[in-house]
Amino acid sequence: MRINQLSLRNFRNYRQLNIQLNPYLNIIVGNNAQGKTNILESIYLLATTKSFRASKEEEMIYHTEANSLIVGKIQREAEHTLEIIFNKSSGKKIKYNSKETTPAKFIGAFNVVLFTPEDLYLIKGPPSGRRRFLDIEISQVDKVYRDLLGDYQKTLVQRNNLLKNISLNRQDSSLLEIWDEQLIELGSKVIIKRAEMIRKLGLLSRLMHRKLSNGLEELVLKYQPFFIQQGFNITEYSYQEVTKQFRQTLLAVRPMELKRGYSLVGPQRDDFLFLINQLDAKLFGSQGQQRTAVLACRLAELEYMKSETGKYPVILLDDVMSELDQSRKKFLLELLQSRVQTIITTTNLSDFNDDILQAASIFTIESGKIIE
Ligand SMILES: Nc1ncnc2c1ncn2[C@@H]1O[C@H](COP(=O)(O)OP(=O)(O)O)[C@@H](O)[C@H]1O
Ligand SMILES: [Mg+2]
């Protein structure tokens, strides 16, 4: 899979950009704050419809304009066109081959894996970041999951409305049972998909990590569905087992939910752990161990997507060369030579050897423009 062409209009600091991408190696070079990461952000949006850093979509529109446009020509077997339009007042539109479509249909047409210096927060940061990671990665390769997640979220909103009304004595609790059953059914399916993904990604991460740590350390990814935090346990992620745990937890928190007026449990409270030699890397890992674990996890994502879709995703590397030690640098350079399409940003071409520079298309960026 690859992106052949990228066009931007009034996106971040780009008034207009049009580039043909190299099928293998692309280096975007420039000083700080010139617009390198903005290009990766736009490509990431084409895969996921979401930014990895904007808190509001509006902030991605060129600051004096009302609209912003991203267009990518994506090669899978045939070439197809993906398009995102942001409008200050009407929000976001997405198009597949010029026809407006929904995220559930759009996502999955193009897959990426992103490496950034902020990846460390996948381990160090709050559970919400890890849940986002799970949802984005599974959604990229699994349409059933995208639909499931959407349905679960709708159910959660409805159930929250009902709980709120009950807590304010506007409605009695006779309808609650129906919403409980739906929450349990959809939520359990979400949990089972996530557990399956963590199992596969965990195996791949362990292999990658073994190489990165010269076999000295063992990385295990461990899924922590919400009911574990509530003191319930699980032996296998079968539908029967998961629904049972879900139901028990829901019963246990019922009085509290009725009082507070919103849902307290469900996969919106899940988490997963990075264990290095059986210890939680978030609490006990050194910065170096955390970096290695997260890199192993990203590399594993490449293989995971390949195994789920049959194609390698496009690799986006944001400014990751500068802070790597020798062994990790070597690994990344091997990755760059692996003939998977890669788009990498850097402030300094001296990070790369001549072979790599020879093979790459190099784009020099200054204030939102390509300079020759
Ligand atoms: N909506 C926007 N409109 C215009 N310029 C923007 C907008 N959002 C960000 N920028 C500009 O983009 C630049 C940062 O781009 P970025 O890609 O993060 O730089 P870097 O090259 O360091 O990766 C800054 O100069 C910032 O002012
Ligand atoms: Mg940057």
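The model shown is predicted, which means the values in this text are computed figures rather than measured ones.

**So, the sheet that holds strand S11 (residues 279–280)**
Piece 1. Pairing in this open sheet of 3 strands is antiparallel, and the strands run S9-S10-S11 from one edge to the other. The two strands at the open ends of the sheet, each matched to only one other strand, are strand S9 (219–224) and S11.
Piece 2. Bridging between S9 and strand S10 (residues 271–276) involves 6 bridges; their strand directions are antiparallel. Paired with Val-220 across the two strands is Leu-275, which belongs to S10.
Piece 3. The strands touched by helix H6 (residues 176–212) are S9 and S10; relative to S9, the strand with the most contacts, the crossing angle is about 165°.

**Topic: the nonpolar core**
Piece 1. Grouped together as the largest cluster of nonpolar side chains are 86 residues, with contacts concentrated most on Ile-43, Ala-293, Ala-296 and Leu-316.
Piece 2. Counting residues per element, this core draws most heavily on H6, which supplies 11 residues.
Piece 3. The residue makeup of this core includes at least three contributed by each of domain 1 (1–111 + 312–372) and domain 2 (118–310).
Piece 4. In this structure, Ile-43 is in contact with Ile-3, Leu-6, Gly-72, Val-112, Leu-316 and Ile-343, ignoring residues within four places of it in sequence.

**Structural notes on the site of ligand 1**
Piece 1. In the region of ligand 1, 15 residues are neighbours, and Asn-13, Lys-36, Thr-37, Asn-38 and His-63 sit closest.
Piece 2. When its residues are assigned to classes, the shell around ligand 1 shows 4 nonpolar, 8 polar and 3 charged.

**Some words on the pairing of strand S1 (residues 2–11)**
Piece 1. Pairing analysis gives 7 bridges linking S1 to strand S4 (residues 67–75), with the strands arranged antiparallel. Within S4, the position partnered with Gln-5 by the bridge is Lys-73.
Piece 2. Examined bridge by bridge, S1 and strand S2 (residues 14–20) share 6 bridges and lie antiparallel to one another. Pairing of Leu-6 across the sheet is with Ile-19, part of S2.

**Concerning the environment of Phe-226**
Piece 1. With respect to the secondary-structure elements, Phe-226 resides in helix H7 (residues 226–229).
Piece 2. Given 21 C-beta atoms within a 10 Å radius, Phe-226 is considered buried.
Piece 3. Sequence separation between Phe-226 and Arg-269 is 43 residues, and the spatial gap between their C-alpha atoms is 5.2 Å.

**Concerning the domain arrangement of the protein chain**
It is common to give the size of an interface as the accessible area that goes away when the parts come together.
Piece 1. Domain annotation of the protein chain identifies domain 1 (1–111 + 312–372) and domain 2 (118–310).
Piece 2. For domain 1 and domain 2, the distance between their C-alpha centroids amounts to 29 Å.
Piece 3. Listed per partner, the contact involves 12 residues of domain 1 and 15 residues of domain 2.
Piece 4. Among the elements of the structure, helix H1 (36–48) and helix H11 (326–336) are those that each provide at least two residues to the side of domain 1 that touches domain 2.
Piece 5. Tallying contributions element by element places H11 first for the side of domain 1 that touches domain 2, with 3 residues.
Piece 6. Class assignment of the residues belonging to the side of domain 1 that touches domain 2 gives a composition of 7 nonpolar, 4 polar and 1 charged.

Here is what the cut-offs are and how they apply
Residues numbered from 1 in each chain as written. Chains lettered and ligands numbered in written order. Predicted model: local features only at pLDDT ≥ 70, side-chain atom pairs only at ≥ 80, totals over all residues. Pairing = 2+ DSSP bridges. Helix = DSSP H or I, 4+ residues; strand = E, 2+ residues; numbered from the N terminus. Contact = placed C-beta atoms within 7 Å. Axes fitted to C-alpha atoms, helices over the stretch in contact; angles between N-to-C directions. Core = buried A, V, L, I, M, F, W, Y, C linked by C-beta atoms within 7 Å. Buried ≥ 20, exposed ≤ 12 C-beta atoms within 10 Å, placed from the backbone. Domains from an automatic or database assignment. Near = placed C-beta within 6 Å. Nonpolar A, V, L, I, M, F, W, Y, C, P; charged D, E, K, R; others polar.

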